[in-house]
Amino acid sequence: MIVRSEFRDLDTPTGPMRTYIYTPVSQKGKAKFPGLLLYPEIFQQTGPIVRLSMQFASHGYVVMAPEIYHDHELPGTVLSYDDAGRDKGNAYKHKTKLSSFDDGAKRVIKALKEHPSCDGRLGTVGFCIGGHLAFRAALQPEILAACCFYPTDLHSGTLGEGKNADTLQRAKEIKGEAVMIWGRQDPHVPNEGRMKIYNALLESGLLFSWHEFNADHAFMRDEGARYDPEAGRICIEIALGLFRRCL
């Protein structure tokens, strides 16, 4: 399916949040599609995130991908895949208030529901910090499905200002279905961290599935040595399966 791309600066309590919009163009006259809130890594709207956004949109979803660090950077800022970019992105994830992340989620949800090509059925997907933010966005009642790729800081609760996020403890509030995807060789979420999350989700009663691959952190990023195309292909199908049955 052909995809049309654009961006809008959405108003939030902390200023404009640039949000990239990927809209499928149906050749069969279908006017409306489900919507996806797609969260990036700490580097914001990089080439790999653009391609992932377009890939999901091409399967018949209106995708909106916000810049998560709009409190700290000018619209359009992309952090580089190097030490400087990584350090800045990690600093921002601890400098941003949880309320700002939550306000951003609510604003994109509103924009998706108002989009003329969106039918109002919404899911979310995210990578790295974006996996955590997708899980957190699923606390909103409008989100029917969440696919979380190697969500960082979920086990430790260290996301946001004060490093005291309550995301995992609130898992029982999620009404939709979740898919959790991990790399076993991911140093950011070691085995004990994954087991803490798994047990917490079991106790919460959340409807979820769990998938682990012999892969490193960021194995979905189609640049660099950690990219695993075969695992990535399988994971996209897992995510699409979730969205097909829930949206």
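As shown above, the structure is provided for reference.
Okay, so let's go over this structure.

Right, let's get into the overall build of the protein. Each helix and strand in the protein was counted, giving six helices and eight strands. Put simply, the protein runs from its N terminus to its C terminus through helices and strands in the order β-β-β-α-β-α-α-β-α-β-β-α-β-α. Relative to its length of 247 residues, the protein is compact, with a C-alpha radius of gyration of 16 Å against a globular reference of 18 Å. Its C-alpha atoms give the protein principal-axis dimensions of about 50 × 35 × 35 Å. Within the span of the protein, comprising 247 residues, buried residues form 57% of the whole. Partitioning the contacts of the protein with sequence separation of at least 6, the portion at a separation of at least 24 is 70%. Treating the 30 positive side-chain charges of the protein as one cloud and the 30 negative ones as another, the clouds have centres 5 Å apart.

On to the packing of helix α1 (residues 47-58) against helix α6 (residues 229-246), then. Two packed helices can be described by the angle between their axes and the distance between those axes. Across the interface, α1 lies against α6 with an axial gap of 11 Å and an inter-helix angle of 45°. In terms of their interaxial angle, α1 and α6 are classed as oblique. Between α1 and α6 lies a crossing whose hand is right-handed. Where α1 approaches α6, its residues Leu-52, Gln-55 and Phe-56 are matched on the opposing element by Ile-236, Ala-239, Leu-240 and Phe-243. Counted by class, the contact of α1 with α6 contains six nonpolar, one polar and no charged residues.

With that out of the way, let us pick up the environment of Ile-181. Of note, Ile-181 is situated in strand β7 (residues 177-183). A C-alpha to C-alpha distance of 27 Å links Ile-181 and Ser-5, two positions 176 residues apart in sequence. Those residues in contact with Ile-181, other than ones at most four positions away along the chain, are Cys-147, Cys-148, Phe-149, Tyr-150, Pro-151, His-211, Phe-213, Phe-219, Cys-235 and Ile-238.

A word on the packing of aromatic side chains. Applying the stated rule across the entire model yields 13 aromatic pairs. With centroids separated by 6.0 Å and ring planes inclined at 45°, the aromatic side chains of Phe-213 and Phe-219 adopt a geometry described as tilted. Each member of the pair Phe-213 and Phe-219 is classed as buried.

The next subject is the pairing of strand β6 (residues 143-149). Within β6, six of the seven residues are buried, leaving the element largely enclosed by the surrounding structure. By the bridge criterion, six bridges tie strand β5 (residues 118-127) to β6 in an arrangement that is parallel. Note that in β6 the partner of Phe-127 across the bridge is Phe-149. Assessed by its sense of winding, the connection that carries the chain from β5 through helix α4 (residues 129-137) to β6 is right-handed. When β6 meets β7, the two strands line up parallel, connected through five bridges. Looking across to β7, one finds that Phe-149 is bridged to Ile-181.

Rules and cut-offs
Residues numbered from 1 in each chain as written. Predicted model: local features only at pLDDT ≥ 70, side-chain atom pairs only at ≥ 80, totals over all residues. Heavy atoms only, no water. Helix = DSSP H or I, 4+ residues; strand = E, 2+ residues; numbered from the N terminus. Rg over C-alpha atoms; globule rule 2.2 N^0.38 Å. Buried < 20%, exposed > 50% of the residue type's maximum accessible area, 1.4 Å probe, protein only. Contact = heavy atoms within 4.5 Å. Lys, Arg positive; Asp, Glu negative; His and termini not counted. Charge placed at Lys NZ, Arg CZ, Asp CG, Glu CD. Axes fitted to C-alpha atoms, helices over the stretch in contact; angles between N-to-C directions. Parallel < 35°, antiparallel > 145°, perpendicular 65-115°, else oblique. Left-handed = near helix turned anticlockwise from the far one by under 90°. Nonpolar A, V, L, I, M, F, W, Y, C, P; charged D, E, K, R; others polar. Phe/Tyr/Trp six-rings, centres within 6.5 Å; stacked < 30°, edge-to-face > 60°. Pairing = 2+ DSSP bridges. Right-handed = clockwise from strand over helix to strand, strands pointing away.

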